[in-house]
Amino acid sequence: MSPMLEVKDLEVAYGKIRAVKGISFDVNEGEVVTLIGTNGAGKTTTLRTISGLLRPSSGSIRFKDQDITTVPAHDIVQLGLAHSPEGRRIFPRLSVQENLLLGAFARKDKEVTNDLQAAYALFPILEERRNQPAGTFSGGEQQMLAMGRAMMSRPQLLMLDEPSMGLSPLMMKRIMTTVTTLQQQGTTILLVEQNAQAALKRATKGYVLEVGSIVLSGTGAELLSSDDVRKAYLGES
Amino acid sequence: MDAFAQQLVNGLTLGSLYALIAVGYTVVYGIVQLINFAHGEIFMIGAFGALSTWLIFFDGNLALWVLPLMILGAVIASVTTAVLMERIAYRPLRHAPRLAPLITAIGISIFLQEAVRLFYDEVPFFDFPDAKQRVPFPQIEVVTGPAFQLGNVTIQRSALFTIGCLVMCSAGLWYFVNRTRTGKGMQAVSQDPDTARLMGINVDRIIVVAFAVGATLAAVAGVAQGLQVTNINFRMGFLAGLKAFTAAVLGGIGNVWGAVVGGLTLGLVEAMAVQFIPGTFGGSPWKDVWAFALLIIVLVFRPQGILGAKVVDRA
Ligand SMILES: Nc1ncnc2c1ncn2[C@@H]1O[C@H](COP(=O)(O)OP(=O)(O)OP(=O)(O)O)[C@@H](O)[C@H]1O
Ligand SMILES: [Mg+2]
């Protein structure tokens with residue numbers, strides 16, 4: 001079976017700055033794949049290119065056997081690929097419920113209400129505050145909203161860009177547990193994290209990105225025990 | 001007291017007109033951060049669209065039932081012009097420096113004025129009048145004619161029509177923005193365009209909708225102006241556009257309700273200044289000065305406008 005997402009020789013540049021320098025990786029159905037790397041490694045750039053917000057200078061992206069390299073961003077989500085962006089990017093002046101419903105903007109089926117209930121079941125705090133403007137939420141609550149919103153499109157593949165950024169250890173744990181829950185419920189996940197420990201623990205596969213190139217890859221367990229990773233990302237000497 | 005009540009009516013009428021046009025500046029700004037300085041011409045084209053509809057289909061008929069069809073004609077003319085303008089002139093400049101679309105807007109503005117001035121009477125197949133001077137606007141029954149008298153306060157029928165238009169358009173706009181799928185999409189794009197795209201919202205389409213919404217209200221304003229002033233001309237969009245833009249900034253550019261509040265405020269201030277500022281600086285020759293003085297004062301103390309700008313939050 002071919003991978004669900006297949007990225008090949010991807011190169012992305014901002015003007016003259018080459019942010020991603022020919023990376024290849026793939027994500028199979030049912031997996032949690034993580035991209036880890038230091039600041040500026042090109043993780044966000046990679047995700048934004050996959051979802052069509054940026055255009056690669058070369059390389060290709062295939063999703064479910066379809067070439068999506070040049071598909072416009074607003075058509076990607078309908079294919080079953082959702083992206084919860086870095087910094088959460090909730091719509092601050094819309095209510096929680098309006099934010100969630102925007103996640104289902106591209107859907108035309110009648111089960112949106114059921115999925116709204118499912119999102120509320122996943123994060124009960126969102127239901128309690130469903131009429132509150134999302135901009136008044138704390139970072140952790142905004143992250144739950146951003147994940148709930150991404151799930152509202154019923155994605156087969158969910159891309160999460162640093163969901164634990166700036167969160168308390170407790171909230172971080174909560175978010176990471178949810179990642180596992182979503183995987184168990186059948187969503188394939190591509191997870192970008194600075195918190196390498198937490199990400200690798202859950203990942204079936206991981207890639208280490210350094211200044212635009214993949215320098216290491218392996219199963220989550222392999223990377224966790226790799227000396228290089230332990231030194232560079234887990235703060236051990 | 002009578003003088004105050006009279007100026008209240010006059011101010012609300014003028015303000016309603018400003019508000020109807022101001023929405024177009026603010027909606028487009030809220031979505032693409034572009035000041036569409038050619039929007040005043042969309043208002044002018046609306047008035048001419050209504051007149052053309054009347055001349056083609058109803059020449060000589062002043063019955064009230066003709067009015068909705070004239071408004072429809074106005075809306076079609078304005079929306080078509082606005083959408084073409086976006087497509088041909090603004091979209092290619094989407095990622096150009098800010099100054100480029102601004103200069104373009106001035107160009108479009110002059111182009112549209114001149115097109116009407118030079119070619120209105122040369123439109124093939126139709127016998128349109130020369131638009132180099134003022135052109136009489138059909139004075140439809142019921143909405144024009146003898147004014148109502150409330151004590152010593154005179155209320156023109158066209159004034160009631162104008163205020164009524166603002167009320168109905170505001171209600172329609174509220175419904176559209178808050179209750180429809182496209183309206184929700186517009187709000188999302190104005191708050192965060194990139195994330196809106198991740199939701200599956202086609203930003204190009206939303207921008208076209210924003211231009212069309214603004215053009216619709218401007219077209220209605222064009223008809224109201226024609227009924228009030230009894231004639232229209234190719235230059236009518238310039239000052240009205242400038243005032244409406246002022247109103248939009250006053251209320252908080254990018255904020256739809258700010259445009260309504262700003263328009264009404266500006267209209268009221270002008271009307272009151274005419275009546276109540278004594279001496280050399282009073283009277284109607286000075287009303288524009290007071291209008292812009294108000295703008296400067298508000299911007300000094302509250303740069304985001306009365307209701308506050310709803311500009312895009314960039315993370
Ligand atoms: N809009 C932009 N214009 C120019 N350069 C950019 C832009 N966005 C990112 N870059 C550069 O591209 C490189 C990769 O950035 P990217 O945001 O993809 O890194 P990242 O791995 O997500 O980092 P972080 O962990 O800090 O989020 C960096 O050198 C960054 O400075
Ligand atoms: Mg990043």
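Definitions and limits used
Along each chain, the written sequence defines residue order, and numbers are assigned to residues from 1. As a convention, the first chain written is A and the first ligand written is 1, with the rest following in written order. Only residues with pLDDT of at least 70 get local features here, since the model is predicted, and only at 80 or more are side-chain atom pairs given and counted; chain-wide, interface and lining totals rely on the full set of residues. Heavy atoms throughout the structure, all of them, feed into the side-chain values; hydrogens and water do not. Numbering goes from the N terminus for both helices and strands, where a helix is a DSSP run of H or I of at least four residues and a strand is a run of E of at least two. As a reference, a globule follows 2.2 Å times the number of residues to the power 0.38, and the radius of gyration itself is taken over C-alpha atoms. Exposure is judged per residue with a 1.4 Å probe applied to protein chains only, and the accessible area is read against the type maximum: over 50% gives exposed, under 20% gives buried, and values in between give partly exposed. Note on definitions: a residue-residue contact is assigned when non-hydrogen atoms from the two residues lie within 4.5 Å. Surface exposure here means Shrake-Rupley accessible area, sampled with a 1.4 Å probe, where a residue is shielded only by the protein chains that are shown. The convention is simple: Lys and Arg are positive, Asp and Glu are negative, and His and the chain ends are not counted. For charged residues, the charge sits on one atom: NZ in Lys, CZ in Arg, CG in Asp, CD in Glu. Paired strands are those between which DSSP finds at least two bridges. Put plainly, a pocket is an open set of points on a 1 Å grid over the protein atoms alone with protein on both sides within 12 Å along at least five of seven lines, a cavity is a set where a 1.4 Å probe fits but cannot get out, and a lining residue has an atom within 4 Å of a point. Grid points are joined across faces, edges and corners, and a volume is the space filled by probe spheres set on the points. Note that Gly is not counted as nonpolar here; it falls among the polar residues with everything else outside the nonpolar set of Ala, Val, Leu, Ile, Met, Phe, Trp, Tyr, Cys and Pro and the charged set of Asp, Glu, Lys and Arg. Note on terms: buried area is the combined drop in 1.4 Å-probe accessible area of two parts once they are placed together, counting the loss on both. Between Lys or Arg on one side and Asp or Glu on the other, a salt bridge is scored when a side-chain nitrogen of the former is within 4 Å of a carboxyl oxygen of the latter. Polar contacts, as used here, are pairs of N or O atoms within 3.5 Å; protein pairs need one atom able to donate a hydrogen and one able to accept it. Residues neighboring in sequence count only if both atoms are side-chain atoms. Whenever a helix is involved, its axis is fitted only over the stretch in contact; in every case the axis is a line through C-alpha atoms, and angles between N-to-C directions fall within 0 to 180 degrees. A 2.8 Å cut-off from the metal defines N, O and S donors, relaxed to 3.2 Å for Na, K and Ca; water is not in the atom list, so some sites may appear incomplete. Stacked, tilted and edge-to-face are the three classes applied to pairs of Phe, Tyr and Trp rings, where Trp contributes its six-membered ring and a pair requires centres within 6.5 Å; stacked means planes under 30 degrees apart, edge-to-face means over 60, and tilted covers the rest.

## Here's the deal with the overall build of chain B
Across its full length, chain B carries 11 helices and four strands. The C-alpha atoms of chain B give 19 Å as radius of gyration, which agrees with the globular expectation for 315 residues (20 Å, within 12%). In terms of overall dimensions, chain B has C-alpha extents of about 55 × 55 × 35 Å along its principal axes. A burial count over chain B gives 54% of its 315 residues as buried. Considering only intrachain contacts with a sequence separation of at least 6, the fraction spanning at least 24 residues in chain B is 75%. Split by element, the accessible area of chain B, about 13800 Å² in all, is 68% carbon and sulfur. Taken together, the 19 basic and 16 acidic charged side chains of chain B have centroids lying 10 Å from each other.

## Observations concerning the overall build of chain A
Each helix and strand counted, chain A has 10 helices and 10 strands in total. A globule of 237 residues ought to have a C-alpha radius of gyration of about 18 Å, and chain A, at 17 Å, matches this closely. Reported as C-alpha extents along the three principal axes, the dimensions of chain A are approximately 45 × 40 × 35 Å. In chain A, buried positions account for 54% of the 237 residues. Taking the contacts inside chain A whose residues are at least 6 apart along the sequence as the reference set, 66% of them involve residues at least 24 apart. For chain A, the exposed area adds up to about 10000 Å²; of that, 49% sits on carbon and sulfur atoms.

## Let's talk about the pairing of strand S10 (residues 213–218) of chain A
Residues and elements named next belong to chain A. Relative to S10, strand S9 (residues 205–210) runs antiparallel, the two sharing five bridges. Counterpart to Tyr207 in the pairing with S10 is Ser217. Between S9 and S10, which pair antiparallel one after the other, the connecting turn spans two residues, and Val211 there sits at a positive phi close to 30 degrees.

## Here's the deal with the layout of surface pockets
All names here are of chain B. Taken as a whole, the second largest pocket spans an internal volume of roughly 430 Å³. Ile45, Gly49, Ser52, Ala77 and Tyr120 are, among the 19 residues lining the second largest pocket, the residues nearest its centre. Contributing elements (two or more residues each) for the lining of the second largest pocket: helix H2 (39–57), helix H3 (66–90) and helix H4 (99–119). Looking at the lining of the second largest pocket element by element, the count peaks at six residues for H2. Within the lining of the second largest pocket, the residues separate by chemical class into 14 nonpolar, five polar and no charged.

## Some remarks on the interface of chain B and chain A
Every contact between the two is made by 20 residues of chain B and, on the other side, 21 residues of chain A. Contact with chain A buries area across many residues of chain B, yet B:Gln191, B:Leu198 and B:Met199 alone supply 32% of it, more than any other trio. Linking chain B with chain A are three salt bridges, by the criterion used here. Linking chain B to chain A there are six residue pairs in polar contact (both at pLDDT 80 or more). The set of elements that each furnish at least two residues to the side of chain B that touches chain A consists of helix H6 (181–191) and helix H7 (193–198) of chain B. Tallying contributions element by element places H6(B) first for the side of chain B that touches chain A, with six residues. Considered class by class, the residues forming the side of chain B that touches chain A number seven nonpolar, six polar and seven charged.

## A closer look at the sheet that holds strand S8 (residues 188–193) of chain A
Residue and element names in this part refer to chain A. Pairing in this open sheet of six strands is mixed, and the strands run S6-S7-S8-S3-S9-S10 from one edge to the other. Across the chains shown, the open sheet's two edge strands, defined by having one partner strand only, are strand S6 (81–84) and S10. Taking the axes of each pair of neighbouring strands and ignoring which way they run, one obtains an average angle of 15 degrees across the sheet. Contacting S6 and strand S7 (157–161), helix H6 (residues 139–151) runs over the sheet at an angle of about 170 degrees to S6. The sheet strands contacting helix H7 (residues 169–184) are strand S3 (32–37), S7 and S8, and the helix crosses S8 at an angle near 160 degrees.

## Thoughts on the coordination of the magnesium ion (ligand 2)
All names here are of chain A. Listed as protein donors to the magnesium ion (ligand 2) are Thr44 (OG1) and Glu86 (OE); their distances from the metal cover 1.8 to 2.2 Å. With Thr44 in helix H1 (residues 43–50) and Glu86 in the loop between S6 and helix H3 (96–103), this pair connects stretches of sequence that are 42 residues apart. With a relative accessible area of 30%, Glu86 lands in the partly exposed category.

## So, unusual backbone geometry
Residues and elements named next belong to chain B. One non-glycine residue with positive phi stands out, namely Phe125, at about 75 degrees. In this fold, Phe125 is placed in the loop between H4 and strand S1 (135–136). The exposure class of Phe125 is exposed, given its relative accessible area of 84%. Unusually for a residue other than glycine, Val142 sits at a positive phi of about 75 degrees. Relative to the helices and strands, Val142 resides in the loop between S1 and strand S2 (148–150).

## Let's talk about the packing of aromatic side chains
Residue and element names in this part refer to chain B. With the rule as written, the count across this model stands at 11 aromatic pairs over all chains. An angle of 90 degrees between the planes, with centres 5.6 Å apart, marks the rings of Phe58 and Trp65 as edge-to-face. When the centroid spacing of 4.7 Å and the interplanar angle of 85 degrees are considered together, the rings of Phe281 and Trp286 count as edge-to-face. Take Trp286: its relative accessible area is 28%, and that puts it in the partly exposed class. Cluster of aromatic residues (ring-pair linked, three or more members): Phe48, Tyr120, Phe126 and Phe128.

The values reported here are purely geometric and, on their own, carry no functional implication.
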